[in-house]
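Okay, here's what each chain looks like letter by letter:
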Amino acid sequence: MKIAHLKLTAALLATTGLLSACASTGPATDAETSAFAAESLPPVPPGWTSAREKVGVVKVGWIAAFGDRELEKLVEEALRNNRNLRAAAANVRRSWALARQAGSPRLPSVNGSAGAQRNQPLENGGNNSFSLGLQASYEVDIWNRIAAGERAAVESARATEADYLFSQYSIAAAVAQSYFLVIEADEQIAVAQGIVDALIEIRRVVRLRYRYGFASAYDVSLAESDLASALDSLETAKNGKLETLRNLEAVIGRYPGANLQTPSLLPPHPLLPGAGLPSSLLERRPDIIAAERTIAAAINNRKVAEAAKLPSLQLSSTLGGASGQLENVLDPANIVWTLAANILAPIFDGGARDAQVDISEADVEAAVAAYANTAITAFTEVEVALDRGVSLRKRRIALEQQVEGIRNALRLSNLQYKEGEIDLIDLLSVQQRVFGAESSLIALKRAQLNQYLELCLALGGDWKNVPPADDDTGQ
């Protein structure tokens, strides 16, 4: 009997080895995935066309670069409270659980059973039966179908994890942008208040001149009208701050009560970040990494579909005992074990497996196309942000010169009006130009801060300072 068991075991092992030797597929390699990804892209230049000069290492810790600890705290609070981010974190946990589930068939499945039965005829005595056993089953992964399925789930989990990371970066940037918008609103309020104060003084002067016959009723009406318009602009600016403040509180997960305290002046523009190289962006930016991992998952799913068309080998074994007396269930004389092997080969399924292969191939093509779109979008965002940075720096120089010149012109116009050398309408025109120039300069300063955030986000650098990993030298 033992010899027969040994022969059966040897035959199963030989069959398994023969089928495994025939296997020609395995989980997708990184090289295979990279080849699919690279072929989908247009030629990538060695450097950014918007920054032909030497570029440095991509900056990390770009929120800390503003030197505002309150901003850093708000970003950290938003990452803790943001509901969408919580859902994304839950999806990450779910995807890794699915990966563990996909890999579970690579180990044997073992189940235990126990039973008791009482047979009682209507007449005479009855009898009892008791059983106790173990059942084990294992599918030999001949064609690496299970391994490819597990790898597909792992790659999907990695893609979800990378998307989650990029969501954190995006939320950090959104908090900072809203924060700076609130500060800009404060500065615009200060400018609007300055205009109101100046027009109140002009109205006082006009009324005084009108009383002594040096100004007309038209001048008085014009001064009153411009003051009313300035008061309207001031109220609009104040309401705009409330709206932006409530939006900021909503982003960080607080009740939008407009109670958050922010600085009154925008921070200085940080030093320009290094832009790295276009080729390194593909390896660093989380959403591109996620798209590449999606390709890997799709390739592995295609391998699963292809392997499903091939025969499968299932091993099973049982060990158990049965007896009419509970205490005799484990008696060696009552214990029986079995070992079985089943080969299942698909013959006809109405084309279902072929259709699944076609579906998986279409999924690979879609994943490759999505990767290309993601990469090209990322390249575009960096190039556009670099262009905008150059343009904003030139515009700021021009606006600062304009503000300086128009402020000097306003100072002279006030003197000329008091001396009767110019009309009120000329003075008010200069006053409005001052307001417009100062307001535009404030908006441009915030635009520069936003451009810095957009560039850092597009480059894929981490928003927080990451301590360097310990090296292997122990130094």
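Our subject is the structure that appears above.
Now for a look at the structure at hand.

Definitions and limits used
Residues numbered from 1 in each chain as written. Predicted model: local features only at pLDDT ≥ 70, side-chain atom pairs only at ≥ 80, totals over all residues. Heavy atoms only, no water. Helix = DSSP H or I, 4+ residues; strand = E, 2+ residues; numbered from the N terminus. Contact = heavy atoms within 4.5 Å. Expected span 1.5 Å × (residues − 1). Pairing = 2+ DSSP bridges. Salt bridge = Lys/Arg side-chain N within 4 Å of Asp/Glu carboxyl O. Buried < 20%, exposed > 50% of the residue type's maximum accessible area, 1.4 Å probe, protein only. Arc of directions from axis to C-beta. Axes fitted to C-alpha atoms, helices over the stretch in contact; angles between N-to-C directions. Parallel < 35°, antiparallel > 145°, perpendicular 65-115°, else oblique. Left-handed = near helix turned anticlockwise from the far one by under 90°. Nonpolar A, V, L, I, M, F, W, Y, C, P; charged D, E, K, R; others polar.

### Notes on the side chain of R302
Thinking step 1. As for its placement among the helices and strands, R302 is situated in helix α8 (residues 286–307).
Thinking step 2. Not counting residues within four places of it along the chain, the set of residues in contact with R302 comprises E32, F36, S360, E361 and V364.

### Quick word on helix α5 (residues 145–211)
Thinking step 1. Here α5 contains 67 residues, and its C-alpha end-to-end distance of 97 Å stays within 8% of the 99 Å for a straight helix at 1.5 Å per residue.
Thinking step 2. Looking one or two residues past α5, G213 carries a phi angle of roughly 85 degrees, positive in sign.

### Digging into unusual backbone geometry
Thinking step 1. Positioned with a positive phi, N144 is a non-glycine residue whose angle comes to about 60 degrees.
Thinking step 2. For N144, the location among the structural elements is in the loop between β2 (127–140) and α5.
Thinking step 3. You will see that A258, though not glycine, has its phi angle at about 55 degrees, which is positive.
Thinking step 4. You can see A258 is positioned in the loop between α6 (217–251) and α7 (278–284).

### A look at the environment of S109
Thinking step 1. Within the secondary structure, S109 sits in strand β1 (residues 109–119).
Thinking step 2. Between the alpha carbons of S109 and E139 there is a distance of 9.2 Å; along the sequence they are 30 residues apart.
Thinking step 3. Not counting the four nearest positions on each side in its chain, S109 is found in contact with Q135, A136 and S137.

### Some thoughts on the pairing of β2
Thinking step 1. The pairing of β1 with β2 spans 11 bridges and is classified as antiparallel. Looking at the pairing, G115 lines up with S131 of β2.

### A short note on the pattern of salt bridges
Thinking step 1. Applying the stated criterion to the full structure yields 23 salt bridges.
Thinking step 2. Between E32 and K303 there is a salt bridge; the shortest N-O distance is 3.8 Å. Placement of the pair is E32 in helix α2 (residues 30–39) and K303 in helix α8, with a sequence separation of 271 residues.
Thinking step 3. In this structure, the salt-bridge partner of D186 is K241, at a minimum N-O distance of 3.0 Å.

### Comments concerning helix α4 (residues 83–103)
Thinking step 1. For α4, which comprises 21 residues, the first-to-last C-alpha distance of 31 Å matches the rise-based estimate of 30 Å (1.5 Å per residue) to within 8%.
Thinking step 2. Listed as buried for α4 are L85, A88, A89, V92, S95, A99 and G103. For α4, the angular spread of the buried residues around the axis is 115 degrees, confining them to a single face. In α4, the exposed positions that point more than 90 degrees away from the buried face belong to R83, R93, R94 and Q101.
Thinking step 3. In this fold, the buried residues of α4 make contact with α3 (69–81) and α5.

### Examining the packing of α3 against α5
Thinking step 1. Packing of α3 against α5 leaves a shortest axis separation of 9 Å and a crossing angle of 135 degrees. One finds that α3 runs oblique with respect to α5. As for how α3 packs across α5, the hand of that crossing is right-handed. Only Q168, I171, A172, V175, A176, Y179 and F180 of α5 make contact with α3, whose side of the interface consists of E70, L71, L74, V75, A78 and L79.
Thinking step 2. In terms of residue class, the contact of α3 with α5 is built from 11 nonpolar, one polar and one charged.

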